[in-house]
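Inside the fold
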Amino acid sequence: MSDLVCRMDLSMGDERVNIQPGLGSLHLVFMKEHNRIVDELRARQPQWTDDKLFNEARKIIGAIIQHITYNEWLASTCVFIDDVIIKRDLGLLPTGFFNHYDNTVNPGITVGFATAALRFGHSQIPSHIAHMDADYTTITEETKMEETLKNPHMLVDEAGSKVLELVRFMTTVQGAKADESVHDIDVYVGGMLELRSTQLNGGGDFTYVGETFGCILGEQFKNLRNGDRFWYERAEPEGFSESKYCMRSGIM
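Residues numbered from 1 in each chain as written. Predicted model: local features only at pLDDT ≥ 70, side-chain atom pairs only at ≥ 80, totals over all residues. Heavy atoms only, no water.

1. Notes on the overall build of the protein
Helix and strand counts for the protein stand at 10 helices and four strands. Listing each helix as α and each strand as β along the protein from the N terminus yields α-α-α-α-α-β-β-β-β-α-α-α-α-α. Per-residue burial for the protein yields a buried fraction of 35% across its 252 residues. With the model as given, the accessible surface of the protein reaches about 14,700 Å², and the carbon-plus-sulfur share is 54%. (Helix = DSSP H or I, 4+ residues; strand = E, 2+ residues; numbered from the N terminus. Buried < 20%, exposed > 50% of the residue type's maximum accessible area, 1.4 Å probe, protein only. Areas by Shrake-Rupley, 256 points an atom, 1.4 Å probe, with all protein chains shown as cover.)

Next up, the structure:
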């Protein structure tokens, strides 16, 4: 690999794009999807200005990210037990509009969420990363994660973009899990050591977080939804029209 590729930095709206290739791939995927949506909107609405196209596409991308976060990540990946989803009403609506916006709810990020609870995700970062072919079985030689930090060579090489191959690997690898014991110490360390529930789906699988982090995370995500005037499940003018809203099943 050439020195030029190894020294290359990606340029995005968030400087963390170069921290590790997993983050970089997500930046690139959503940027490309944004541009694809712009092209589709331009074909349908040729009279729209560039600003109008950009902002409409950004709104749709925001809706996709919200949907993935609540429907695919929180509800489907054992982040916490189903009781947290139910108690804080985090389940998304299959039809209709969300009518529980509350302008007295502060959706701002709490200190406990930002500095401790959400950091549980760091324990899920795999020790190695690799590229996977379209057959989802062939993997290139795995690279230690520490060797990829601030070195985006896994996203692109002389042959071009390697994002798709990287995303395939990321969708199949299992993240690391924390210990199952707890001690009365710092909130982050204690939360990571806290016993996790085995109640999920009535089986023996552990959730990723215990009761403390489940409470902090659940309350924050409830506030993010209930306190967001532009939440994607709301009706126009803040949200989407009925016709656009019905398109979500095809987009998401």
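2. Notes on the nonpolar core
Ranked by size, the top nonpolar core spans 29 residues in total, and within it Ile37, Tyr70, Phe120, Phe213, Leu217 and Phe221 carry the most contacts. Broken down by secondary-structure element, the contributors of at least two residues to this core are α2 (21–44), α3 (50–74) and α8 (211–226). The dominant element in this core, judged by the number of residues it contributes, is α3, at eight residues. Sequence-distant contacts of Phe221, that is, excluding residues within four places in its chain, are made with Thr69, Tyr70, Trp73, Leu74, Leu90 and Phe113. Judged by nonpolar contacts, the second largest core, of 10 residues, contains Leu28, Met145, Met154 and Leu155. (Core = buried A, V, L, I, M, F, W, Y, C linked by side-chain atoms within 4.5 Å. Contact = heavy atoms within 4.5 Å.)

3. As for α2
For α2, spanning 24 residues, the distance from its first C-alpha to its last is 35 Å, which sits close to the expected 34 Å at 1.5 Å a residue. Structurally, α2 contributes buried residues whose contacts are with α3, β1 (128–129) and α6 (163–170). (Expected span 1.5 Å × (residues − 1).)

4. Focus on the packing of aromatic side chains
Going through the model one piece at a time under the given rule, you end up with six aromatic pairs. Seen in terms of ring centroids, Tyr70 and Trp231 are 5.0 Å apart; in terms of plane orientation they differ by 75 degrees. Their pairing is edge-to-face. With a gap of 161 residues between them, Tyr70 in helix α3 and Trp231 in the loop between α8 and α9 (242–246) connect regions that are remote in the sequence. Side by side, Tyr70 and Trp231 carry an identical accessibility label, which is buried. For the pair Trp73 and Phe120, a centre-to-centre distance of 6.0 Å together with 15 degrees between the ring planes defines the contact as stacked. In this pair, Trp73 is assigned in helix α3 and Phe120 in the loop between α5 (111–115) and β1, connecting sequence segments 47 residues apart. The class for Trp73 is partly exposed, based on a relative accessible area of 27%. (Phe/Tyr/Trp six-rings, centres within 6.5 Å; stacked < 30°, edge-to-face > 60°.)

5. Focus on the confidence of the model for the protein
Residue-level pLDDT values for the protein average 78, and 75% of them are 70 or greater. Per-element averaging of pLDDT across the protein places helix α1 (residues 3–7) at the bottom with 45 and α3 at the top with 91. Low pLDDT, under 50, characterises residues 1–7; the predicted model gives this stretch nine contacts beyond four residues in sequence or across chains. Below a pLDDT of 50 lies the segment residues 176–184, which in the model reaches 25 contacts outside its immediate sequence neighbourhood of four places, other chains included. (pLDDT = per-residue confidence, 0-100.)

6. Considering the side chain of Glu238
In this structure, Glu238 sits in the loop between α8 and α9. A relative accessible area of 17% places Glu238 in the buried class. Residues contacting Glu238, with those up to four places away along its chain left out, are Lys59, Arg229 and Phe230.

7. Some remarks on the packing of α3 against α8
Running from N to C, α3 and α8 cross one another at 150 degrees; their axes reach a closest spacing of 12 Å. It follows that α3 is roughly antiparallel to α8 by the angle criterion. Considering how the two elements wind past one another, α3 and α8 form a crossing that is left-handed. Touching Thr69, Tyr70, Trp73 and Leu74 of α3 are Phe221, Leu224 and Arg225, all from α8. Tallied by class, the residues present in the contact of α3 with α8 amount to five nonpolar, one polar and one charged. (Axes fitted to C-alpha atoms, helices over the stretch in contact; angles between N-to-C directions. Parallel < 35°, antiparallel > 145°, perpendicular 65-115°, else oblique. Left-handed = near helix turned anticlockwise from the far one by under 90°. Nonpolar A, V, L, I, M, F, W, Y, C, P; charged D, E, K, R; others polar.)

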